[in-house]
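Summary of structural features
As a plain string of letters, each chain reads:
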Amino acid sequence: MSATRRIDALVAEIGSTTTVVSAFDGLLGWPRSRPLTLGQGTAPTSVAAGDVTLGLLAARAQLEAATGPLAPDLVLATSSAAGGLRMTVHGLTMRMTAAAAHEAALGAGAVVKLVTAGRLRDADLRQIDSLAPNLLLLAGGVDGGDVETVLYNAGRLAELCSRPLVVYGGNSSVADEVRELLLQAGFAIRVTTNVYPAVDELDIVPARTVIHDAFEEHIIHAPGMERIREIVAGGILPTPGAALISAEALAAEIGDLVVIDVGGATTDVHSVTEGSAELAAVQTEPQPHAKRTVEGDLGTFVSAEHVAAMLPPAARPRRLPPALPASDEEITAALALARHAAVTAVTRHAGRLVSLYTSTGRTTVVRGRDLTACRWVIGTGGALTRLPGGREILTETLARDGGEHLLPPRDATCLLDDDYILAACGALLAHFPAGAVVALLRASLGMDELDQNARVQDSRDSRRPQQ
């Protein structure tokens, strides 16, 4: 019987259909030691069995069948089980406070089911009750601006039959009034800074943090999740939020980037960038430094029929692939769907150049996200990392001549998260040095080998005779 090995951490990623457990070591000793991904185990998520710990234990058993028994100092978790973090968001105007609240919710990893602007109507309240969100984000008014709408909306929320947790991120001058009103109505409420404190200014990172904390407190709605909380250290992050945290840490070292995650039900795109300096002068909409979009109609399994219908008839698979494609025909079908999902999702995530006609003539402005400064495009998720041809799919998301969309440049470098650890690293960042976690990501992406090849080429160039 092999001896038990003590390691730094296990991270469980509890998804709606599968649970993945990854083992890591060498993090605490960094930079003297080399951080390592030791292995990974996968099993079906056991929500239907009434206890998600069953899937976690099965995934860990598969992992330890390869590595031998492991004794982790920390067990961490991210989750999108039981539908993930379902939210509704509400603001004063759709293109300002409601848009900022939407950005905050998506950046935290939420599945946003409803966005409203202006005064809440009876129909809005009925829809909120029918959606039964886990959390509700209420915003409205810049600091020192309108207070009537957000106070009115707080009063209307008190009429809800359901009682979701409310996060308030609106005009700070009435935060205490909103809090007291909703507390008296029986709501739990968390107050954060205004997500849109001034015109053309976003401040969504504090709201993301509050939403993460609130998600962990209320994740026990998934069967058996209360047992997960007993065995993990720290909070349980929403998996997409953890992925964005990783993307931010990686971008801090290597520069602006885009991450594409093609899943069975949705395709997520994360970008970390300020855009190009040249186009910033004509940007019409404030953009967060780190942004996430989720496309609920683009996936390779749950939404496969819809994606197939979007393809030209000659390119449609004869049969839709299963959740885990195995045969050549199934893999070919899944790749066709993944390719269209990735390209479409990045195009939707990107902004575009728009011509406006004014009294002084035609002018060109930027609407939406400028990805032209992103020199790295990274693929993660099962469809891109576990099927052949993922890197080739990424290259098809890059800019082409003559397009109006502000896509990553044609010469951007495309990399795959081969170890499938992006979200897990988001959980690790709360407990280990950022440099150590980024080293894991670099290894998974093959960046160390890329750097070595660049050094070899530079050395060859330096020895080449000058013309």
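The structure this text deals with has already been given above.
My aim in this report is to walk through the structure given alongside it, one point at a time. Not measured: the values here are computed from a predicted model.

Okay, the sheet that holds strand β5 (residues 85–91) next. Strand pairing in a sheet relies on backbone hydrogen bonds, with the paired strands running either antiparallel or parallel. The sheet built from five strands is open, its strands ordered β6-β5-β7-β8-β9 with parallel pairing. The two strands at the open ends of the sheet, each matched to only one other strand, are β6 (110–117) and β9 (189–191). In this sheet, neighbouring strand axes are inclined to one another by 20° on average, regardless of whether the strands run parallel or antiparallel. Here strand β8 (residues 165–168) runs beside β9; their pairing, made up of three bridges, is parallel. The residue bridging Val166 from the neighbouring strand is Ile189, located in β9. Along the sheet, helix α2 (residues 97–107) contacts β5, β6 and β7 (135–138); its crossing angle with β6, the most-contacted strand, is approximately 170°.

We now examine helix α3 (residues 122–131). When α3 is considered as a whole, its buried residues turn out to be Asp124, Leu125 and Ile128. Around the axis of α3, the buried residues are gathered within 100° of arc, so they sit on the same side. Residues of α3 that are exposed and point over 90 degrees away from its buried face: Arg126 and Ser130. Taken together, the buried residues of α3 touch β5, β6, β7 and α4 (148–157). Positive phi shows up at Ala132, right after α3, with a value of about 50°.

Moving on: the environment of Pro388. Within the element layout of this structure, Pro388 appears in the loop between α12 (382–385) and α13 (390–395). Along the chain, Pro388 and Gly263 lie 125 residues apart, while their C-alpha atoms are 15 Å from each other. Ignoring sequence-local partners within four residues, the contact set of Pro388 consists of Ile331 and Leu335.

Note that Ser444 resides in helix α15 (residues 434–445). Among the polar contacts listed, one links the side chain of Ser444 to the side chain of Asp417, at a separation of 2.5 Å. Within the local environment of Ser444, its side chain forms a polar contact with the backbone nitrogen of Asp419, the two atoms lying 2.9 Å apart. With residues near it in sequence (within four places) discarded, Ser444 still touches Leu416, Asp417, Asp418, Asp419, Tyr420 and Ile421.

Basis of the calculations
- Residues numbered from 1 in each chain as written.
- Predicted model: local features only at pLDDT ≥ 70, side-chain atom pairs only at ≥ 80, totals over all residues.
- Heavy atoms only, no water.
- Pairing = 2+ DSSP bridges.
- Helix = DSSP H or I, 4+ residues; strand = E, 2+ residues; numbered from the N terminus.
- Axes fitted to C-alpha atoms, helices over the stretch in contact; angles between N-to-C directions.
- Contact = heavy atoms within 4.5 Å.
- Buried < 20%, exposed > 50% of the residue type's maximum accessible area, 1.4 Å probe, protein only.
- Arc of directions from axis to C-beta.
- Polar contact = N/O pair within 3.5 Å; in protein donor to acceptor, adjacent residues only side chain to side chain.

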